[in-house]
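# Observations on the model geometry
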Amino acid sequence: EKEQKADKLSSLLFDALAAVSKGGISPTLTGATITKTAAKKEWRVKPEEIVGHLKPVDPTKKHPKYYLADVIEVAHNKGVNTFSAELESSLDRRKLYARYLVDAFHAQCKAYEALGDSDIVQKVGREASGSIEKALGEYEQLVTRYQEHVLKEKERIT
C-alpha cells in the first residue's frame, strides 16, 4: 500500500515537473471558473461529465460556471492524451494544467502527512531529487560534448 502511495505521489510530481518545463506555471487557479461550453472546447470535457458531477459556483444560474480546477481534474482523470492538442496549442492552458498538477501534488502530500505517512513524502522527495540531479549531470555531459565538438570544428575551419 505504501509503495502504491509513493508511486501515485511520484507520478504527480514528475507530471507537474514535465508540465512546468513546457512553458511555466500559472500563478493560481483559485477562483477561476469555466462554463460547460468552454470546458468542452478547452479541456475536452463533455457537459454530461460536468453536470451533476461537479459543484457549480452558483447553482441558481441557468448556465452555471464550474471551478476550473475541478474541470481540469475531470480532464486529467480521463488521461492527458484526450486533451494534449489543446495543451500544445495554448501556452496559457499549459500553465493552468501545470498549476493544477502542482496543486494536486501538494494536496496529496498534505493528505499523506495527515495520515501519518510523511515517510512516503520524504521518500518521493529524495527520489525526485536524485532523478533531477542525474538528469542535470547527463545534460552537463551533453553540453560538454557539444562544446568539445564546436571547438574541434572551429579548429578544423581555421
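Scroll up for the structure.
Predicted, not measured: the structure shown is a model, and the values here were computed from it. (Residues numbered from 1 in each chain as written. Predicted model: local features only at pLDDT ≥ 70, side-chain atom pairs only at ≥ 80, totals over all residues. Heavy atoms only, no water.)

Looking only at helices and strands, one finds 7 helices and 2 strands in the protein chain. Counting helices and strands in the order they occur from the N terminus, the protein chain gives α-β-α-α-β-α-α-α-α. Compactness check: the protein chain gives a C-alpha radius of gyration of 21 Å against a globular reference of 15 Å for 158 residues, more than 25% above the reference. Each principal axis of the C-alpha atoms in the protein chain carries an extent, and together these give about 75 × 45 × 25 Å. Burial status across the protein chain gives 30% buried among its 158 residues. (Helix = DSSP H or I, 4+ residues; strand = E, 2+ residues; numbered from the N terminus. Rg over C-alpha atoms; globule rule 2.2 N^0.38 Å. Buried < 20%, exposed > 50% of the residue type's maximum accessible area, 1.4 Å probe, protein only.)

Okay, the environment of Lys65 next. Mapped onto the fold, Lys65 is located in strand S2 (residues 65-67). Residue classification places Lys65 among the partly exposed residues on the basis of a relative accessible area of 42%. Taking the C-alpha atoms as reference, Lys65 lies 26 Å from Gln108; in sequence the two are 43 residues apart. Dropping the residues within four chain positions of it, Lys65 is found in contact with Thr33, Ile34, Thr35, Pro56 and Val57. (Contact = heavy atoms within 4.5 Å.)

Turning our eyes to something else, we now look at the pattern of salt bridges. Counted according to the given criterion, the structure contains 10 salt bridges. Where Glu3 meets Lys123, a salt bridge forms, and the shortest distance between an N and an O atom there is 3.2 Å. With a gap of 120 residues between them, Glu3 in helix H1 (residues 2-21) and Lys123 in helix H7 (residues 118-157) connect regions that are remote in the sequence. On the basis of relative accessible area, Glu3 is assigned to the partly exposed category, the value being 45%. The class of Lys123 is partly exposed, set by a relative accessible area of 26%. (Salt bridge = Lys/Arg side-chain N within 4 Å of Asp/Glu carboxyl O.)

Turning our eyes to something else, we now look at the nonpolar core. Counting residues in hydrophobic clusters, the biggest one holds 35 residues, and the most contacted among them are Leu9, Trp43, Val45, Val71, Ile72 and Tyr97. Elements that contribute at least two residues to this core include exactly H1, helix H2 (36-43), helix H4 (68-78), helix H6 (91-114) and H7. The greatest single-element share of this core, amounting to 10 residues, is contributed by H6. Leaving out residues up to four positions away in the same chain, Leu9 has contacts with Phe105, Gln108, Cys109, Tyr112, Ile120, Val121 and Val124. (Core = buried A, V, L, I, M, F, W, Y, C linked by side-chain atoms within 4.5 Å.)

Position of Val124 relative to the elements: it lies in helix H7. The sequence separation of Val124 and Lys8 amounts to 116 residues, and the corresponding C-alpha distance is 9.8 Å. Leave out the neighbours within four places in its chain, and Val124 touches Ala6, Leu9, Ser10 and Leu13.

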